[in-house]
Amino acid sequence: ICYYVFEEDSFVSVYVRRTQGTIGDISAMYTAQNISANGFGDFTPVTGTLEWPSGDESVRRIDIPIRYDTAGFPILEFFRVELFDGDSLVPVVDPLNKYAYVAIIDKDGGGSITVAPNAPLAYESSGEARFVISRNGAGIGLASATYETLSGTAVPGVDFTTTQGEVFWADGEAGPKIISVPLTMDHASRFGLYFKDLYL
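Rules of the game
Residues numbered from 1 in each chain as written. Predicted model: local features only at pLDDT ≥ 70, side-chain atom pairs only at ≥ 80, totals over all residues. Heavy atoms only, no water. Helix = DSSP H or I, 4+ residues; strand = E, 2+ residues; numbered from the N terminus. Buried < 20%, exposed > 50% of the residue type's maximum accessible area, 1.4 Å probe, protein only. Contact = heavy atoms within 4.5 Å. Areas by Shrake-Rupley, 256 points an atom, 1.4 Å probe, with all protein chains shown as cover. Core = buried A, V, L, I, M, F, W, Y, C linked by side-chain atoms within 4.5 Å. Polar contact = N/O pair within 3.5 Å; in protein donor to acceptor, adjacent residues only side chain to side chain. Salt bridge = Lys/Arg side-chain N within 4 Å of Asp/Glu carboxyl O.

Trainee: Just to check I follow, could you spell out the overall build of the chain for this structure?
Mentor: Helix and strand content of the chain: 0 helices and 13 strands. For the chain, buried positions account for 32% of its 200 residues. Once local pairs closer than 6 in sequence are excluded, the contacts in the chain between residues at least 24 apart make up 69%. Accessible surface for the chain amounts to roughly 11800 Å². Of this, 55% is attributable to carbon and sulfur atoms.

Trainee: Can you help me understand the nonpolar core in this one?
Mentor: Within soluble globular proteins, side chains that are nonpolar tend to cluster in buried spots. Counting residues in each nonpolar core, the largest one holds 24 residues, and the members touching the most others are Val12, Val14, Ile62, Ile64, Phe79 and Val81. At the level of secondary structure, the elements contributing two or more residues to this core comprise strand S1 (2-6), strand S2 (11-16), strand S3 (26-34), strand S4 (47-52), strand S5 (60-65), strand S6 (76-85) and strand S7 (99-105). Considering each element in turn, this core owes the most residues, 4 residues, to S3.

Trainee: Teacher, can you tell me more about the side chain of Ser13 here?
Mentor: Along the polypeptide, Ser13 turns up in strand S2. According to the relative accessible area criterion, Ser13 is buried, its value standing at 13%. At a separation of 2.6 Å, a polar atom in the side chain of Ser13 contacts the side chain of Asp63. Ignoring any residue separated from it by four or fewer positions in sequence, one finds Ser13 in contact with Tyr3, Arg61, Ile62 and Asp63.

Trainee: Please clarify how unusual backbone geometry should be interpreted in this entry.
Mentor: A positive phi angle, near 60°, is found at Gln20, a position not held by glycine. If you trace the backbone, Gln20 turns up in the loop between S2 and S3. Looking at Gln20, the relative accessible area reads 83%, which means it is exposed.

Trainee: Would you mind showing me how to read the pattern of salt bridges here?
Mentor: As a working rule, side chains carrying opposite charge can pair if their charged atoms are close by. Per the stated rule, a full pass over the model turns up 5 salt bridges. As a salt-bridge pair, Arg61 and Asp63 come within 3.0 Å of each other at their nearest N and O atoms. Assessed through its relative accessible area of 48%, Arg61 is described here as partly exposed.

And the structure:
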């Protein structure tokens with residue numbers, strides 16, 4: 001059996017049932033183990049013991065804490081819960097049903113969007129300043145970002161042209177989008193003008 005849980009959920013519950021009779025006291029031990037998920041990084045590798053008194057066939061629940069990260073990949077991470085006989089003299093765990101698997105779904109798979117200058121300096125004579133808007137991570141789903149220029153000591157309409165717009169990424173697409181901001185050649189002798197990159 002496989003359980004699915006979102007990474008931002010605080011825990012996942014795995015259920016264990018006693019079958020094929022209720023005579024006698026029985027117990028089973030459990031432990032959560034790494035597969036591709038990392039114990040203490042993606043989940044807490046809990047251990048414990050489940051007990052049933054004679055005549056009791058109610059379901060027992062194992063709660064495993066899930067840990068949130070912002071990595072954005074991999075999209076699915078797996079671990080498993082294994083049952084062991086609590087008393088080696090009284091084997092009660094079905095060897096064909098001793099594992100339950102858990103898939104952690106990373107909803108950060110859409111990635112993150114960042115902006116940075118294409119170069120630290122842009123000469124007025126070049127006619128433009130370029131910026132790179134990047135989608136980072138796995139690129140799951142559609143994504144978009146709106147942007148606009150903000151003035152610093154450079155004056156809109158005098159030193160550069162106010163620029164705004166929107167960029168898009170398709171499902172499965174990541175990587176950079178290049179934005180060009182026109183610079184104005186004003187022949188003034190000012191030095192070190194800047195504007196505040198792009199605002200997302």
